[in-house]
Amino acid sequence: MNFSVNEYGYYGNFGGAFIPEMLYPNVKQLQDSYIDIMEDPAFQLEFQQLLKDYVGRPTPLFFAEHLSKQWNTNIYLKREDLCHTGAHKINNTIGQVLLAKRLGKTRIIAETGAGQHGVATATVCALMGLPCVVYMGEKDMARQASNVARMKMLGATVVPVSSGSKTLKDATNEAIRDWINHAADTHYIIGSVVGPHPYPDMVARFQSVISAEIKSQLLERTGNELPTHVIACVGGGSNAAGAFYHFLNDDQVQLIAVEAAGCGIDSGKSAATTQLGTMGILHGSKSLLMQTADGQVTEPHSISAGLDYPGIGPLHAHLFESGRARFLWATDDEAMAAAMHLSKTAGIIPALESAHALHALTQLEWKPSDVVVICLSGRGDKDLDTYMKNLPS
Ligand SMILES: *Cc1c(COP(=O)(O)O)cnc(C)c1O
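Quick look at the structure, then.

A closer look at a nonpolar patch on the surface
Nonpolar side chains collect at one region of the surface, where Leu-384, Met-388 and Leu-391 lie side by side and expose about 290 Å² of accessible area between them. Examined against the element boundaries, Leu-384 turns out to sit in helix α16 (residues 384–389).

Shown next, in the form of structure tokens:
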């Protein structure tokens, strides 16, 4: 089976580029040039140097002793939480800003929901001295005031979006409108493996550093570069795409994606796209998404802002449909319990998103010989308010 994108931007039945005509020149320019730019040795040198000196890569692959004893197997945590800014998102924003500079773009725009992608984008724009405009729904700005403050401190302009539900999808519409109006000088940074081709493939390639490092770190630790399982949470799917990337064609490696079930799959308050979604078009690509019978996107729910998204990237829809990856889910409460457990037994406070991946440990059977890698996509500092509500008094 083939898990690479084809020349039309499809993974099996999913993908493509469904865009307004006025964006065609921008998207076509990206499609025609992204591989050549990314494979240019001078580009790679600059990218790798920044990943090392600025992000702090390679991130450790940590053997979690207590968890391994508990489940009588071998559990490793890929510590993306130790990246600069506290999550994997910066791998992609660095890559896209460098690419935008190669394309001669002088201005960066992004949309953000919870603010994490906005902060990662504003961070790299500050580093590179590029003006940065971040579109954010008014409702999200109120909910995520500290990330708004971070973006402003980093020099970005945060534009409140008051249309529609005043959340991520409305911010996305405004960002697209901006891009149409400033097509010549502006690059639009998408924060996950979603959007029109080539974004899903481009973002997956930037994040693939995660699985490249897992391979070499496992080889050094165990003498075998292949684990038996790789587990990652899926919002849009970028940390999972990065963690799976170099194992996609290694059939003996089980790939496990964990979605957010919110209050429960059948509760009406969930974000488990593969369980509830159907084929449709969202943010420029054909994929699985949560929608009503007449095609209106339904409002998702998850306790973790990063997983509170009504779709998944086309690669993941293909991994689901083909059976190459197994899709599990964790509810808000289960993720909360997993976060508390890791904090107490490993001294690591994970992001709520990453806690969904940790919950998968309780859902599968483990053998003593298994080698399980869990992508710890981010750290939990940003979730402290939510954690505080759940601490015993
Ligand atoms: C944004 C985010 C996610 C979800 O995004 P993906 O594109 O699915 O990786 C997961 N974990 C953390 C810590 C995040 O910030």
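Quick word on empty space enclosed by the protein
Scanning all chains against the criterion turns up one cavity of 30 Å³ or more. Empty space within the largest cavity amounts to approximately 50 Å³. Along the walls of the largest cavity sit Val-194, Gly-195, Leu-282, His-283, Ser-285, Ser-287, Leu-288, Tyr-309, Gly-311, Ile-312, Gly-313 and Pro-314, which together make up its complete lining. It is strand β12 (residues 285–289) that contributes the most residues to the lining of the largest cavity, three residues altogether. Taken together, the residues of the lining of the largest cavity sort by class into six nonpolar, six polar and no charged.

Structural notes on the packing of aromatic side chains
In the structure shown here, the tally under the stated rule is seven aromatic pairs. Following the ring pairs from residue to residue traces out a cluster consisting of Phe-43, Phe-47 and Phe-206.

Examining the environment of Met-128
Here Met-128 shows up in helix α5 (residues 116–128). Separated by 30 residues in the primary sequence, Met-128 and Leu-98 have C-alpha atoms spaced 8.7 Å apart.

Considerations on the packing of helix α2 (residues 41–55) against helix α4 (residues 89–102)
Packing of α2 against α4 brings their axes to within 10 Å, and their N-to-C directions diverge by 145°. For the pair α2 and α4, the crossing hand works out as right-handed. On α4, the residues touching Ala-42, Phe-43, Glu-46, Phe-47, Leu-50, Leu-51, Tyr-54 and Val-55 of α2 are Ile-90, Asn-91, Ile-94, Gly-95, Leu-98, Leu-99 and Arg-102. In terms of residue class, the contact of α2 with α4 is built from eleven nonpolar, two polar and two charged.

Side note on the sheet that holds strand β7 (residues 157–161)
Strands sit in the order β7-β6-β5-β8 across an open sheet of four strands; the sheet is parallel. Looking at the sheet topology across the chains shown, the edges are occupied by β7 and β8 (186–189). Put simply, the sheet's adjacent strands are angled 25° from each other on average, direction ignored. Looking at chain direction, strand β5 (residues 107–112) and β8 are connected through four bridges and run parallel. Counterpart to Ile-109 in the pairing with β8 is Tyr-188. In this fold α5 packs onto β5, β6 (132–137) and β8, with an angle of close to 165° to the strand it touches most, β5.

Some words on the sheet that holds strand β4 (residues 74–79)
A sheet is described by the order of its strands in space; here six strands give the open sequence β3-β4-β14-β9-β10-β13, paired in mixed fashion. At either margin of the open sheet sits one strand with a lone partner, and together these are β3 (61–63) and β13 (325–331). For this sheet the average axis-to-axis angle between neighbouring strands, irrespective of direction, equals 25°. Judged from the seven bridges that link them, strand β10 (residues 254–262) and β13 form a sheet pairing that is parallel. Within β13, the position partnered with Glu-259 by the bridge is Trp-329. Packing against the sheet, helix α14 (residues 332–346) makes contact with β4, β10, β13 and β14 (371–376), and its axis sits at approximately 90° to β13.

Rules used in this analysis
Residues numbered from 1 in each chain as written. Predicted model: local features only at pLDDT ≥ 70, side-chain atom pairs only at ≥ 80, totals over all residues. Heavy atoms only, no water. Patch = residues over 30% accessible without salt bridge, like charges linked within 9 Å, V, L, I, M, F, W, Y side chains within 5 Å. Areas by Shrake-Rupley, 256 points an atom, 1.4 Å probe, with all protein chains shown as cover. Salt bridge = Lys/Arg side-chain N within 4 Å of Asp/Glu carboxyl O. Helix = DSSP H or I, 4+ residues; strand = E, 2+ residues; numbered from the N terminus. 1 Å grid on protein atoms, 1.4 Å probe; cavity = no way out; pocket = protein on both sides within 12 Å on 5 of 7 lines; lining within 4 Å. Points joined across faces, edges and corners; volume = space filled by probe spheres on them. Nonpolar A, V, L, I, M, F, W, Y, C, P; charged D, E, K, R; others polar. Phe/Tyr/Trp six-rings, centres within 6.5 Å; stacked < 30°, edge-to-face > 60°. Axes fitted to C-alpha atoms, helices over the stretch in contact; angles between N-to-C directions. Left-handed = near helix turned anticlockwise from the far one by under 90°. Contact = heavy atoms within 4.5 Å. Pairing = 2+ DSSP bridges.

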